[in-house]
Amino acid sequence: MMNVLLRGGQVFQGGSFHPLDLRVDQIGLVELGKDLSPTPDDRVVDISGKYVLPGLADIHVHLREPGFSYKETIATGTAAAARGGFTSVGAMPNVAPPPDNLPELLHQIQAYQQEALIEVFPYGCLTEGGTGTGETVDYAALEPYVIGFSDDGFGVQSTDRMREVMTQVAEVDGIVAQHIEDLEISADGYINDGEYARAHGHKGKPGAAEWTQLERDLALVAETGCRYHACHLSTARSVELVAKAKADGLPVTAETAPHYLVLSEDELEEDGRFRMNPPLRSARDRDAVAQALVDGVIDLVATDHAPHSAEEKAGGLAASANGVVGLENSLAVVYTHFVRAGRFEMERLVEVMGTAPRQRFSLGGGEIIAGEYADLIVFDPDFHEPLDPGQFLSKGKATPFAGRELYGRVDLTLCQGDPVWDPEGLFA
Ligand code: DOR
(Lines give C-alpha, C1' and ligand atoms only; values in the text may rest on other atoms or scores of the structure.)
Protein backbone atom coordinates (compact mmCIF):
# COMPACT_ATOMS: atom_id res chain seq x y z
CA MET A 1 0.00 0.00 0.00
CA MET A 2 1.12 3.55 -0.72
CA ASN A 3 0.57 6.80 1.12
CA VAL A 4 -2.24 8.87 -0.31
CA LEU A 5 -1.56 12.57 -0.77
CA LEU A 6 -4.75 14.57 -1.13
CA ARG A 7 -3.87 17.90 -2.74
CA GLY A 8 -5.75 21.13 -3.22
CA GLY A 9 -8.79 20.51 -1.02
CA GLN A 10 -10.45 22.61 1.66
CA VAL A 11 -9.69 20.89 4.97
CA PHE A 12 -11.76 21.40 8.11
CA GLN A 13 -9.41 22.52 10.87
CA GLY A 14 -10.25 24.25 14.14
CA GLY A 15 -13.83 25.03 13.16
CA SER A 16 -13.34 26.27 9.60
CA PHE A 17 -11.99 25.30 6.20
CA HIS A 18 -8.43 25.91 5.05
CA PRO A 19 -6.60 25.19 1.80
CA LEU A 20 -4.29 22.39 2.95
CA ASP A 21 -2.75 19.22 1.62
CA LEU A 22 -3.26 16.08 3.60
CA ARG A 23 -1.22 12.89 3.51
CA VAL A 24 -2.55 9.63 4.91
CA ASP A 25 0.29 7.17 5.40
CA GLN A 26 0.25 3.40 5.09
CA ILE A 27 -0.98 2.85 8.61
CA GLY A 28 -3.60 5.56 8.36
CA LEU A 29 -1.90 8.46 10.13
CA VAL A 30 -2.48 12.05 9.03
CA GLU A 31 0.06 14.64 7.97
CA LEU A 32 -1.15 18.14 7.18
CA GLY A 33 0.53 21.05 5.52
CA LYS A 34 0.46 23.78 2.92
CA ASP A 35 1.81 22.44 -0.37
CA LEU A 36 3.18 19.09 0.83
CA SER A 37 5.72 17.78 -1.69
CA PRO A 38 5.04 14.33 -3.05
CA THR A 39 7.46 11.52 -2.23
CA PRO A 40 7.96 8.36 -4.32
CA ASP A 41 5.72 6.53 -1.84
CA ASP A 42 2.77 8.86 -2.44
CA ARG A 43 -0.22 8.30 -4.65
CA VAL A 44 -1.14 11.90 -5.45
CA VAL A 45 -4.84 12.69 -5.75
CA ASP A 46 -6.08 16.10 -6.85
CA ILE A 47 -9.10 17.04 -4.75
CA SER A 48 -9.35 20.70 -5.72
CA GLY A 49 -12.92 21.92 -5.37
CA LYS A 50 -13.61 19.26 -2.74
CA TYR A 51 -13.85 19.33 1.02
CA VAL A 52 -12.18 17.18 3.64
CA LEU A 53 -14.49 16.88 6.66
CA PRO A 54 -14.11 15.01 9.91
CA GLY A 55 -16.05 11.73 9.89
CA LEU A 56 -19.74 12.51 10.45
CA ALA A 57 -21.88 11.06 13.26
CA ASP A 58 -25.50 9.90 13.10
CA ILE A 59 -26.93 9.16 16.53
CA HIS A 60 -30.25 7.73 15.32
CA VAL A 61 -29.82 4.59 13.22
CA HIS A 62 -31.58 1.22 13.13
CA LEU A 63 -29.15 -1.60 12.39
CA ARG A 64 -31.86 -4.24 12.99
CA GLU A 65 -29.67 -6.91 14.53
CA PRO A 66 -30.40 -9.06 16.40
CA GLY A 67 -33.85 -10.09 15.26
CA PHE A 68 -34.48 -8.41 11.93
CA SER A 69 -31.52 -9.20 9.71
CA TYR A 70 -33.86 -9.50 6.72
CA LYS A 71 -34.25 -5.69 6.96
CA GLU A 72 -30.60 -4.78 7.64
CA THR A 73 -27.48 -6.21 9.25
CA ILE A 74 -24.69 -4.61 11.22
CA ALA A 75 -22.49 -5.20 8.15
CA THR A 76 -24.87 -3.66 5.58
CA GLY A 77 -25.98 -0.80 7.83
CA THR A 78 -22.45 0.25 8.69
CA ALA A 79 -21.35 -0.09 5.04
CA ALA A 80 -24.22 2.26 4.16
CA ALA A 81 -23.08 4.63 6.91
CA ALA A 82 -19.51 4.64 5.56
CA ARG A 83 -20.80 5.37 2.06
CA GLY A 84 -22.84 8.24 3.48
CA GLY A 85 -19.82 9.78 5.23
CA PHE A 86 -20.45 8.57 8.78
CA THR A 87 -17.71 7.06 10.91
CA SER A 88 -19.83 6.84 14.07
CA VAL A 89 -23.46 5.86 14.52
CA GLY A 90 -25.78 5.38 17.47
CA ALA A 91 -27.75 2.13 17.22
CA MET A 92 -31.36 2.24 18.40
CA PRO A 93 -32.39 -0.62 20.70
CA ASN A 94 -35.68 -1.69 19.11
CA VAL A 95 -34.22 -5.08 18.20
CA ALA A 96 -35.09 -8.57 19.44
CA PRO A 97 -34.15 -9.34 22.11
CA PRO A 98 -33.95 -5.71 23.25
CA PRO A 99 -30.91 -4.53 25.25
CA ASP A 100 -32.81 -3.86 28.47
CA ASN A 101 -30.33 -5.83 30.59
CA LEU A 102 -26.54 -5.94 30.81
CA PRO A 103 -25.85 -9.46 29.44
CA GLU A 104 -27.89 -8.78 26.30
CA LEU A 105 -26.32 -5.35 25.84
CA LEU A 106 -22.81 -6.82 26.14
CA HIS A 107 -23.74 -9.53 23.67
CA GLN A 108 -24.83 -6.89 21.15
CA ILE A 109 -21.69 -4.82 21.72
CA GLN A 110 -19.63 -7.89 20.94
CA ALA A 111 -21.48 -8.27 17.63
CA TYR A 112 -20.74 -4.62 16.78
CA GLN A 113 -17.07 -5.19 17.52
CA GLN A 114 -17.00 -8.18 15.21
CA GLU A 115 -19.15 -7.00 12.33
CA ALA A 116 -19.26 -3.22 12.14
CA LEU A 117 -17.20 -1.37 9.57
CA ILE A 118 -17.34 1.87 11.56
CA GLU A 119 -17.83 2.79 15.20
CA VAL A 120 -21.23 1.81 16.63
CA PHE A 121 -22.46 3.26 19.91
CA PRO A 122 -25.40 1.46 21.50
CA TYR A 123 -28.46 2.81 23.25
CA GLY A 124 -30.04 0.91 26.10
CA CYS A 125 -33.80 0.52 26.49
CA LEU A 126 -35.67 3.17 28.42
CA THR A 127 -38.16 0.65 29.82
CA GLU A 128 -38.23 -3.13 30.02
CA GLY A 129 -39.09 -4.60 26.62
CA GLY A 130 -38.45 -1.26 24.91
CA THR A 131 -42.02 -0.39 23.99
CA GLY A 132 -42.71 2.58 26.25
CA THR A 133 -44.79 0.63 28.73
CA GLY A 134 -42.38 -1.53 30.76
CA GLU A 135 -40.81 -1.08 34.18
CA THR A 136 -37.64 0.98 34.57
CA VAL A 137 -34.39 -0.84 33.78
CA ASP A 138 -31.06 -0.99 35.65
CA TYR A 139 -29.70 2.28 34.25
CA ALA A 140 -26.61 2.20 36.48
CA ALA A 141 -25.56 -1.17 35.03
CA LEU A 142 -26.09 -0.09 31.40
CA GLU A 143 -24.87 3.52 31.55
CA PRO A 144 -21.11 2.82 31.21
CA TYR A 145 -21.75 1.11 27.86
CA VAL A 146 -24.44 3.26 26.22
CA ILE A 147 -24.76 6.76 24.79
CA GLY A 148 -28.32 7.13 26.00
CA PHE A 149 -31.58 5.39 26.78
CA SER A 150 -34.45 5.19 24.30
CA ASP A 151 -37.58 3.20 23.48
CA ASP A 152 -37.47 4.54 19.94
CA GLY A 153 -40.61 3.66 18.05
CA PHE A 154 -42.62 4.39 21.20
CA GLY A 155 -42.93 7.22 23.65
CA VAL A 156 -43.17 6.41 27.35
CA GLN A 157 -46.92 6.71 27.79
CA SER A 158 -47.47 6.98 31.53
CA THR A 159 -46.44 10.26 33.18
CA ASP A 160 -45.67 8.52 36.46
CA ARG A 161 -43.44 6.00 34.68
CA MET A 162 -41.64 8.78 32.80
CA ARG A 163 -41.05 10.62 36.08
CA GLU A 164 -39.51 7.44 37.54
CA VAL A 165 -37.40 6.93 34.40
CA MET A 166 -36.07 10.48 34.40
CA THR A 167 -35.38 10.47 38.14
CA GLN A 168 -33.34 7.29 37.82
CA VAL A 169 -31.55 8.24 34.58
CA ALA A 170 -30.62 11.60 36.17
CA GLU A 171 -29.02 9.72 39.08
CA VAL A 172 -26.57 8.06 36.67
CA ASP A 173 -26.19 11.25 34.58
CA GLY A 174 -27.56 9.49 31.49
CA ILE A 175 -29.52 10.91 28.57
CA VAL A 176 -33.14 10.09 27.79
CA ALA A 177 -33.55 10.09 23.99
CA GLN A 178 -37.29 10.08 23.65
CA HIS A 179 -39.45 9.09 20.69
CA ILE A 180 -42.19 11.56 21.52
CA GLU A 181 -45.67 10.25 20.82
CA ASP A 182 -48.90 10.06 22.77
CA LEU A 183 -50.53 6.95 21.34
CA GLU A 184 -54.02 7.97 22.45
CA ILE A 185 -53.76 11.06 20.29
CA SER A 186 -52.13 9.18 17.40
CA ALA A 187 -54.92 6.59 17.60
CA ASP A 188 -54.85 4.70 14.30
CA GLY A 189 -53.51 7.59 12.22
CA TYR A 190 -50.50 6.97 9.99
CA ILE A 191 -49.92 10.15 7.98
CA ASN A 192 -50.26 13.76 9.09
CA ASP A 193 -53.73 14.75 10.12
CA GLY A 194 -53.97 17.40 7.42
CA GLU A 195 -55.15 18.27 3.97
CA TYR A 196 -53.69 15.28 2.17
CA ALA A 197 -55.20 12.78 4.62
CA ARG A 198 -58.61 14.41 4.29
CA ALA A 199 -58.47 14.68 0.51
CA HIS A 200 -57.36 11.06 0.02
CA GLY A 201 -59.32 9.31 2.75
CA HIS A 202 -56.36 8.43 4.99
CA LYS A 203 -56.31 8.27 8.78
CA GLY A 204 -54.53 11.28 10.20
CA LYS A 205 -52.10 11.44 13.11
CA PRO A 206 -52.21 14.91 14.70
CA GLY A 207 -49.05 16.87 15.43
CA ALA A 208 -50.40 17.16 18.98
CA ALA A 209 -49.41 13.50 19.49
CA GLU A 210 -45.84 14.80 19.44
CA TRP A 211 -46.01 18.15 21.14
CA THR A 212 -48.35 17.30 24.02
CA GLN A 213 -46.00 14.55 25.12
CA LEU A 214 -43.00 16.83 24.56
CA GLU A 215 -44.63 19.46 26.78
CA ARG A 216 -45.16 16.84 29.48
CA ASP A 217 -41.57 15.61 29.18
CA LEU A 218 -40.10 19.10 29.39
CA ALA A 219 -42.01 19.71 32.63
CA LEU A 220 -40.52 16.47 33.96
CA VAL A 221 -37.04 17.59 32.89
CA ALA A 222 -37.56 20.77 34.93
CA GLU A 223 -38.64 18.61 37.88
CA THR A 224 -35.93 15.94 37.71
CA GLY A 225 -32.97 17.69 36.05
CA CYS A 226 -32.63 14.72 33.69
CA ARG A 227 -30.68 15.26 30.46
CA TYR A 228 -33.17 14.92 27.63
CA HIS A 229 -32.84 14.60 23.87
CA ALA A 230 -35.94 15.02 21.70
CA CYS A 231 -35.86 12.61 18.75
CA HIS A 232 -37.01 13.45 15.23
CA LEU A 233 -38.92 16.68 15.80
CA SER A 234 -41.57 17.27 13.17
CA THR A 235 -43.85 20.14 14.27
CA ALA A 236 -43.63 23.91 14.62
CA ARG A 237 -45.10 23.71 18.12
CA SER A 238 -42.38 21.22 19.18
CA VAL A 239 -39.76 23.69 18.01
CA GLU A 240 -41.32 26.45 20.13
CA LEU A 241 -41.35 24.20 23.18
CA VAL A 242 -37.70 23.25 22.76
CA ALA A 243 -36.73 26.90 22.26
CA LYS A 244 -38.47 27.82 25.51
CA ALA A 245 -36.92 24.90 27.42
CA LYS A 246 -33.48 25.96 26.27
CA ALA A 247 -34.16 29.60 27.19
CA ASP A 248 -35.13 28.32 30.64
CA GLY A 249 -31.74 26.60 30.88
CA LEU A 250 -33.04 23.02 30.82
CA PRO A 251 -30.56 20.29 29.74
CA VAL A 252 -32.41 19.67 26.50
CA THR A 253 -31.26 19.04 22.92
CA ALA A 254 -33.20 18.15 19.80
CA GLU A 255 -32.70 16.42 16.49
CA THR A 256 -34.63 16.24 13.29
CA ALA A 257 -34.28 14.06 10.20
CA PRO A 258 -33.62 15.21 6.61
CA HIS A 259 -37.18 14.46 5.45
CA TYR A 260 -38.77 16.77 8.05
CA LEU A 261 -36.42 19.55 6.94
CA VAL A 262 -37.22 19.39 3.26
CA LEU A 263 -40.53 17.60 2.63
CA SER A 264 -44.12 18.08 3.74
CA GLU A 265 -47.49 16.43 3.25
CA ASP A 266 -47.72 18.43 0.00
CA GLU A 267 -45.17 16.02 -1.51
CA LEU A 268 -46.94 12.83 -0.38
CA GLU A 269 -47.48 10.09 -2.93
CA GLU A 270 -49.43 6.86 -2.56
CA ASP A 271 -46.27 4.93 -1.88
CA GLY A 272 -44.77 3.34 1.25
CA ARG A 273 -41.55 5.28 0.82
CA PHE A 274 -43.45 8.32 2.11
CA ARG A 275 -44.50 6.59 5.32
CA MET A 276 -42.53 7.11 8.52
CA ASN A 277 -43.21 7.95 12.13
CA PRO A 278 -43.61 10.82 12.85
CA PRO A 279 -45.17 11.53 9.45
CA LEU A 280 -44.33 14.34 7.04
CA ARG A 281 -46.21 17.36 8.41
CA SER A 282 -47.57 20.57 6.90
CA ALA A 283 -45.40 22.96 4.89
CA ARG A 284 -45.62 25.39 7.83
CA ASP A 285 -44.25 22.74 10.19
CA ARG A 286 -41.49 21.86 7.73
CA ASP A 287 -40.50 25.52 7.41
CA ALA A 288 -40.39 25.95 11.20
CA VAL A 289 -38.27 22.82 11.64
CA ALA A 290 -35.86 23.97 8.91
CA GLN A 291 -35.60 27.45 10.42
CA ALA A 292 -34.89 25.86 13.83
CA LEU A 293 -31.92 24.03 12.35
CA VAL A 294 -30.63 27.32 10.94
CA ASP A 295 -31.20 29.14 14.25
CA GLY A 296 -29.73 26.41 16.47
CA VAL A 297 -32.93 25.52 18.32
CA ILE A 298 -32.53 22.11 16.71
CA ASP A 299 -29.01 20.98 17.55
CA LEU A 300 -28.36 18.23 15.09
CA VAL A 301 -29.48 16.15 12.14
CA ALA A 302 -29.98 12.42 12.61
CA THR A 303 -31.29 10.22 9.85
CA ASP A 304 -33.62 7.83 11.69
CA HIS A 305 -32.32 5.33 9.13
CA ALA A 306 -35.12 2.75 9.39
CA PRO A 307 -34.75 0.01 6.77
CA HIS A 308 -37.54 -2.46 6.04
CA SER A 309 -37.95 -5.16 3.39
CA ALA A 310 -39.45 -4.35 0.00
CA GLU A 311 -42.58 -6.32 0.97
CA GLU A 312 -43.00 -4.35 4.18
CA LYS A 313 -42.83 -1.09 2.21
CA ALA A 314 -45.16 -2.26 -0.56
CA GLY A 315 -48.42 -1.53 1.28
CA GLY A 316 -48.78 2.10 0.18
CA LEU A 317 -49.37 4.77 2.81
CA ALA A 318 -52.01 2.82 4.70
CA ALA A 319 -50.31 -0.54 5.13
CA SER A 320 -46.54 -0.10 4.89
CA ALA A 321 -44.15 -0.31 7.84
CA ASN A 322 -43.05 3.03 9.30
CA GLY A 323 -39.57 4.07 8.32
CA VAL A 324 -37.31 5.25 5.53
CA VAL A 325 -33.57 4.93 5.01
CA GLY A 326 -31.29 7.93 5.28
CA LEU A 327 -27.65 7.05 5.77
CA GLU A 328 -26.69 7.27 2.10
CA ASN A 329 -28.42 10.51 1.17
CA SER A 330 -28.62 12.70 4.25
CA LEU A 331 -25.36 14.54 3.62
CA ALA A 332 -26.44 15.37 0.06
CA VAL A 333 -29.91 16.44 1.25
CA VAL A 334 -28.55 18.79 3.90
CA TYR A 335 -25.83 20.07 1.56
CA THR A 336 -28.26 20.68 -1.31
CA HIS A 337 -31.07 22.26 0.68
CA PHE A 338 -29.09 24.26 3.23
CA VAL A 339 -25.53 24.94 2.07
CA ARG A 340 -26.07 25.12 -1.67
CA ALA A 341 -29.39 26.90 -1.09
CA GLY A 342 -27.53 29.56 0.91
CA ARG A 343 -29.25 28.94 4.24
CA PHE A 344 -26.05 28.16 6.13
CA GLU A 345 -22.34 27.59 5.54
CA MET A 346 -20.42 24.31 5.33
CA GLU A 347 -19.22 24.93 8.89
CA ARG A 348 -22.77 24.63 10.22
CA LEU A 349 -23.22 21.41 8.25
CA VAL A 350 -20.16 19.95 9.99
CA GLU A 351 -21.62 21.08 13.29
CA VAL A 352 -25.10 19.60 12.86
CA MET A 353 -23.91 16.33 11.30
CA GLY A 354 -20.67 15.86 13.21
CA THR A 355 -19.55 18.06 16.05
CA ALA A 356 -22.89 18.54 17.82
CA PRO A 357 -23.93 14.87 17.98
CA ARG A 358 -20.39 13.90 19.01
CA GLN A 359 -20.37 16.43 21.82
CA ARG A 360 -23.90 15.84 23.11
CA PHE A 361 -23.46 12.07 23.22
CA SER A 362 -19.76 12.12 24.22
CA LEU A 363 -18.67 10.08 21.19
CA GLY A 364 -15.22 11.67 20.92
CA GLY A 365 -13.56 12.32 17.56
CA GLY A 366 -14.75 14.92 15.09
CA GLU A 367 -11.42 16.57 14.35
CA ILE A 368 -8.69 16.05 11.78
CA ILE A 369 -5.47 15.96 13.77
CA ALA A 370 -1.93 15.64 12.40
CA GLY A 371 -0.17 12.58 13.79
CA GLU A 372 -3.41 10.75 14.61
CA TYR A 373 -5.43 8.16 12.70
CA ALA A 374 -7.43 9.66 9.86
CA ASP A 375 -11.15 9.82 10.60
CA LEU A 376 -12.39 11.89 7.70
CA ILE A 377 -14.26 12.05 4.44
CA VAL A 378 -13.62 13.61 1.06
CA PHE A 379 -16.79 15.33 -0.12
CA ASP A 380 -17.38 16.43 -3.71
CA PRO A 381 -20.00 19.22 -3.58
CA ASP A 382 -20.47 19.56 -7.32
CA PHE A 383 -21.37 16.01 -8.22
CA HIS A 384 -25.09 15.76 -8.83
CA GLU A 385 -27.57 13.25 -10.12
CA PRO A 386 -31.09 12.08 -9.36
CA LEU A 387 -30.99 9.86 -6.27
CA ASP A 388 -31.02 6.17 -7.21
CA PRO A 389 -31.76 3.90 -4.21
CA GLY A 390 -30.70 0.94 -6.37
CA GLN A 391 -27.12 1.98 -5.55
CA PHE A 392 -27.62 1.83 -1.78
CA LEU A 393 -25.52 -0.59 0.23
CA SER A 394 -28.30 -0.65 2.81
CA LYS A 395 -30.81 -3.46 2.40
CA GLY A 396 -33.51 -0.80 2.74
CA LYS A 397 -34.31 1.14 -0.44
CA ALA A 398 -37.34 3.16 0.60
CA THR A 399 -36.76 6.91 0.61
CA PRO A 400 -38.98 9.85 -0.26
CA PHE A 401 -35.95 11.45 -1.92
CA ALA A 402 -35.73 8.81 -4.67
CA GLY A 403 -35.40 10.48 -8.06
CA ARG A 404 -34.69 13.90 -6.58
CA GLU A 405 -31.71 15.79 -7.90
CA LEU A 406 -29.19 16.04 -5.07
CA TYR A 407 -25.77 17.64 -4.95
CA GLY A 408 -22.80 16.12 -3.20
CA ARG A 409 -21.13 12.75 -2.98
CA VAL A 410 -18.70 11.10 -0.59
CA ASP A 411 -15.59 10.03 -2.54
CA LEU A 412 -13.70 8.52 0.40
CA THR A 413 -14.34 7.65 4.04
CA LEU A 414 -11.55 6.76 6.45
CA CYS A 415 -12.55 5.50 9.88
CA GLN A 416 -9.73 5.56 12.41
CA GLY A 417 -7.20 5.08 9.66
CA ASP A 418 -9.13 2.40 7.75
CA PRO A 419 -10.55 3.04 4.27
CA VAL A 420 -14.18 1.98 4.80
CA TRP A 421 -15.58 3.62 1.66
CA ASP A 422 -13.08 3.89 -1.16
CA PRO A 423 -14.90 3.40 -4.48
CA GLU A 424 -11.94 4.67 -6.49
CA GLY A 425 -9.57 2.22 -4.79
CA LEU A 426 -7.14 4.90 -3.64
CA PHE A 427 -5.98 2.67 -0.81
CA ALA A 428 -6.19 -0.59 -2.72
O1 DOR B 1 -40.49 5.52 11.05
C2 DOR B 1 -39.97 5.02 12.03
N3 DOR B 1 -39.36 3.83 11.98
N4 DOR B 1 -40.08 5.67 13.18
C5 DOR B 1 -39.69 5.13 14.32
O6 DOR B 1 -39.77 5.78 15.32
C7 DOR B 1 -39.18 3.75 14.37
C8 DOR B 1 -38.59 3.37 13.08
C9 DOR B 1 -38.32 1.89 12.93
O10 DOR B 1 -37.75 1.30 13.85
O11 DOR B 1 -38.64 1.35 11.88
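Residues numbered from 1 in each chain as written. Predicted model: local features only at pLDDT ≥ 70, side-chain atom pairs only at ≥ 80, totals over all residues. Heavy atoms only, no water.

1. Examining the pairing of strand 6 (residues 56-61)
At step 1: Among the 6 residues of strand 6, 6 are classified as buried, and the element is accordingly described as predominantly covered.
At step 2: Where strand 6 and strand 7 (residues 86-91) come together, 4 bridges link them in parallel fashion. Paired with L56 across the bridge in strand 7 is F86.
At step 3: Taking the sense of rotation as the criterion, the β-α-β connection linking strand 6, helix 1 (residues 74-84) and strand 7 turns out right-handed. (Buried < 20%, exposed > 50% of the residue type's maximum accessible area, 1.4 Å probe, protein only. Helix = DSSP H or I, 4+ residues; strand = E, 2+ residues; numbered from the N terminus. Pairing = 2+ DSSP bridges. Right-handed = clockwise from strand over helix to strand, strands pointing away.)

2. Describing the site of the ligand
At step 1: Near the ligand you find 14 residues, and of these R64, N94, H179, N277 and N322 are the closest.
At step 2: One of the side-chain nitrogen or oxygen atoms of H179 is found 3.0 Å away from an oxygen atom of the ligand.
At step 3: Between G323 and the ligand, the recorded distance is 3.2 Å, taken from a backbone N or O atom to an oxygen atom.
At step 4: Across the complex, the protein chains shield 92% of the 290 Å² of accessible surface that the ligand would expose by itself.
At step 5: Of the residues belonging to the shell around the ligand, the class tally is 2 nonpolar, 9 polar and 3 charged. (Near = heavy atom within 4 Å. Polar contact = N/O pair within 3.5 Å; in protein donor to acceptor, adjacent residues only side chain to side chain. Areas by Shrake-Rupley, 256 points an atom, 1.4 Å probe, with all protein chains shown as cover. Nonpolar A, V, L, I, M, F, W, Y, C, P; charged D, E, K, R; others polar.)

3. Points about the sheet that holds strand 7
At step 1: Here 3 strands make up an open sheet; going across it, the order is 6-7-8 and the pairing parallel. Both edges of this open sheet fall to strand 6 and strand 8 (119-122), since each of them pairs with a single strand only. The mean angle between the axes of side-by-side strands here comes to 20°, regardless of whether they run parallel or antiparallel. (Axes fitted to C-alpha atoms, helices over the stretch in contact; angles between N-to-C directions.)

4. Digging into the nonpolar core
At step 1: In this structure, V176, L214, Y228, L349 and M353 are the most contacted members of the largest nonpolar core, which totals 94 residues.
At step 2: The element that contributes the greatest number of residues to this core is helix 12 (residues 330-339), accounting for 7 residues.
At step 3: Once you skip the residues sitting within four places of it in the chain, M353 turns out to touch L56, A57, F86, V301, S330, L331 and V334.
At step 4: Counting residues in each nonpolar core, the second largest holds 18 residues, with L22, I368, L414 and L426 among its members. (Core = buried A, V, L, I, M, F, W, Y, C linked by side-chain atoms within 4.5 Å. Contact = heavy atoms within 4.5 Å.)

5. Looking at the UniProt feature "domain: Dihydroorotase catalytic" (unreviewed entry) in the protein chain
At step 1: Mapped onto this structure's residue numbering, the UniProt feature "domain: Dihydroorotase catalytic" (unreviewed entry) falls at residues 49-236.
At step 2: The distance separating the terminal C-alpha atoms of residues 49-236 is 37 Å; by composition the span is 37% helix and 17% strand. (UniProt positions renumbered as here; feature names shortened; annotations may be inferred.)

6. Here we look at the sheet that holds strand 12 (residues 227-230)
At step 1: Read across the sheet, 4 strands follow the order 9-12-13-14 without closing on themselves; strand pairing throughout is parallel. Each edge of the open sheet carries a strand with a single partner, namely strand 9 (175-178) and strand 14 (300-301).
At step 2: For strand 13 (residues 252-256) and strand 14, the ladder comprises 2 bridges, and the chain directions are parallel. The residue of strand 14 that forms the bridge with E255 is L300.

7. Examining the environment of V172
At step 1: Structurally, V172 can be placed in the loop between helix 4 (159-171) and strand 9.
At step 2: Classification of V172 by relative accessible area gives partly exposed; the value is 21%.
At step 3: In this structure the C-alpha to C-alpha distance between V172 and V95, which are 77 residues apart in sequence, comes to 24 Å.

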